[in-house]
Amino acid sequence: MKRIISALMFVHRYLGVAFCLIFVIWFASGIVMIYKRLPEYSAEERLARLPPLNAAAVRFTPAEAMEAGNVGQPARRVVLTSLRSRPVYRFVVDGGAATVFADDGSYLEPVEPEAAVAIAVDAFPESRGTARHIGALEQSDQWTINNRFGVGGALHKVALGDPAGTEVYVAEASGDIVMKTDRSSRFWGYAGPVMHWFYFTPLRAERGPLWGNLVIYGSVVGCLLCVLGLVIGVYRFSAARRYKRGTSFTPYSGWMRWHHYAGLLFGVFTFTWVFSGLLTMTPWNLFAQGGPTAAQARAIRGDDVALDRFTSTPAEAIVEFQKQFQPKEIVLLQFMGTPFYAAYQGGDQSGRPHQDTARFSAGGGLSRVLVAADAAAPYVKDGFSRDELLAAARAAMSGMEPVEVAWLTDIDAYYYERSGGGARLPALRAKFDDEDETWLYLDARDGSLAQVEVRGSRAERWLYQGLHSLDVPWLYQTPWAWYSLMILLSLGGLALSLTSSVIAWKMLRAKASSVAEPVRLRRSA
């Protein structure tokens, strides 16, 4: 047994030397990520900065705009929004998107630098006179790694010239602001997510497969390191205090003593965090991913937007929306063949909790209000009934009957908003006895298939979200307890990693000295 433990200690020692600083980075950046994330131009802020739609200015219907703009393909998605205070249609088609002005039917040409500055000033009027064009990006920088340059063209980078150092990115093809950063968000973005995920542009953007393999197999080695440490730590621990004449639980002294105790206290949590972090990469397709799938979405929404079914005009819908609120953006959608105009209504964000706890609340993000688009007199659709949603659920599952149906007015263990906007309630949950044991969640407000869970994704929910973010029901209902426990365990993991770093430094320095000493003696001789 002693030989086995000695071999394990040898492997653990040198793996620790190689990975100790990586663990320090993981835990330190993880603490930052409890409070800070990557920079973003959120959907809520984007909506708030858009001007209200003017019904009188919308002179073209979507069908007329498609014809005027020579959009030759069926539209997968149609959005009515604004650009430079003018109404525009965004037509998403296979392979790209087209933008046509709704007031005169003209096609949007690529946005020039001067126009990009003007678009930024429209969204941020306080920057008038200080905004300037920095340059046009044709490939990713640190904050636009996931941007599709082949579809949206170059990104114009505009500095607003404000004290916060704000910079916005304007898409050349659409004129949309797709990203906003400032000095603070860039700093915390580097200190948190970039360091935590090793999300460096040359590695992530230019060598994606290499980045993925480094994270996956680095996490595997990290798990092995933790398991070896736990085995050695438990083996070397003595509850009877048999070390140092009955005064110590551990045979070690100095930094090794603290490393041993930190490992006993926080080693299990360190392992679960590294293991669950590995699962974020969905390695080797271990778990089937949830949906919705494209086929399930098409069964409810249709394949393309059937513009001929929209017999009432967007201008008429705007007037109807204005009876409740000022619409700023409208989406054309269908529910089981019936057309609707959907306008986004922003929730009150003033008291919104932090992202990691907001996801367990109801509402709080953007919601959609629907207006019937096939009626002689447009009217607001007051949500969908249980029977309507149940028919949609059957269609999404090719006519299969659910084995259990529930009307949710509160979150359950799987249905909660993971991005911080709050769960969309009420909702219908339908469980099916198919091969994947599929659960469908349909939003009663707009009829959308909000979430799909299968057997594999439910298992991953606990192994990843449960272990990595401590998403357990008794905990996420009480944010103060969640924050306290996350910080405590993260500090414990950081202490464990720091002690290993000090030990590794001392060991390397001693080995370097032992190598250098004979050389020094030979030279002196």
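**Student:** Got a minute to help me understand the sheet that holds strand S10 (residues 367-372) in this structure?
**Tutor:** Note on sheets: strands pair through backbone hydrogen bonds, and any given pair is parallel or antiparallel. Here seven strands make up an open sheet; going across it, the order is S3-S2-S1-S8-S9-S10-S11 and the pairing antiparallel. On the outer flanks of this sheet lie strand S3 (96-101) and strand S11 (380-381), each paired with one strand and no other. Here strand S1 (residues 77-83) runs beside strand S8 (residues 330-335); their pairing, made up of three bridges, is antiparallel. Opposite Val-79, over in S8, you have Val-331 as the bridge partner.

**Student:** For this particular structure, what's the right way to read the nonpolar core?
**Tutor:** One broad trend across soluble globular proteins is that nonpolar side chains are buried collectively. Counting residues in hydrophobic clusters, the biggest one holds 30 residues, and the most contacted among them are Val-78, Leu-80, Tyr-89, Phe-91, Phe-321, Ile-330 and Tyr-341. Those elements that provide at least two residues to this core are helix H3 (62-68), S1, strand S2 (86-93), S3, helix H11 (314-321), S8, strand S9 (338-345) and S10. No other element matches H11, which puts four residues into this core. Sequence-distant contacts of Ile-330, defined by excluding residues within four places in its chain, comprise Leu-53, Val-78, Val-79, Leu-80, Ile-318, Phe-321, Tyr-341, Ala-342 and Ala-343. Ranked by size, the runner-up nonpolar core spans 23 residues in total, among them Phe-27, Ile-34, Leu-228 and Ala-481.

**Student:** In this structure, what is going on with the environment of Gly-277? I would like to understand it.
**Tutor:** Inspection of the secondary structure assignment puts Gly-277 in helix H9 (residues 254-279). By relative accessible area, Gly-277 is classed as buried at 16%. Separated by 241 residues in sequence, Gly-277 and Lys-36 place their C-alpha atoms 18 Å apart.

**Student:** Even after reading the chapter, I still don't get a nonpolar patch on the surface, so can you show me in this structure?
**Tutor:** Together, Tyr-217, Val-220, Trp-284 and Leu-286 make up a nonpolar patch on the protein surface, roughly 410 Å² of accessible area in all. Structurally, the position occupied by Tyr-217 is in helix H8 (residues 208-236).

**Student:** Sorry if this is basic, but what is going on with the packing of H8 against H9 here?
**Tutor:** In a packed pair of helices, the relevant descriptors are the angle between the two axes and the axis-to-axis distance. Packing of H8 against H9 brings their axes to within 9 Å, and their N-to-C directions diverge by 155°. Classified by the angle between their axes, H8 and H9 sit roughly antiparallel to one another. For H8 against H9, the interelement crossing comes out left-handed. Facing Ile-216, Ser-219, Val-220, Gly-222, Cys-223, Cys-226, Val-227, Leu-230, Gly-233, Val-234 and Arg-236 of H8, the residues of H9 in contact are His-260, Gly-263, Leu-264, Gly-267, Val-268, Thr-270, Phe-271, Val-274, Phe-275 and Leu-278. Classifying every residue of the contact of H8 with H9 gives 13 nonpolar, seven polar and one charged.

Reading guide: rules and limits
- Residues numbered from 1 in each chain as written.
- Predicted model: local features only at pLDDT ≥ 70, side-chain atom pairs only at ≥ 80, totals over all residues.
- Heavy atoms only, no water.
- Pairing = 2+ DSSP bridges.
- Helix = DSSP H or I, 4+ residues; strand = E, 2+ residues; numbered from the N terminus.
- Core = buried A, V, L, I, M, F, W, Y, C linked by side-chain atoms within 4.5 Å.
- Buried < 20%, exposed > 50% of the residue type's maximum accessible area, 1.4 Å probe, protein only.
- Contact = heavy atoms within 4.5 Å.
- Patch = residues over 30% accessible without salt bridge, like charges linked within 9 Å, V, L, I, M, F, W, Y side chains within 5 Å.
- Areas by Shrake-Rupley, 256 points an atom, 1.4 Å probe, with all protein chains shown as cover.
- Salt bridge = Lys/Arg side-chain N within 4 Å of Asp/Glu carboxyl O.
- Axes fitted to C-alpha atoms, helices over the stretch in contact; angles between N-to-C directions.
- Parallel < 35°, antiparallel > 145°, perpendicular 65-115°, else oblique.
- Left-handed = near helix turned anticlockwise from the far one by under 90°.
- Nonpolar A, V, L, I, M, F, W, Y, C, P; charged D, E, K, R; others polar.

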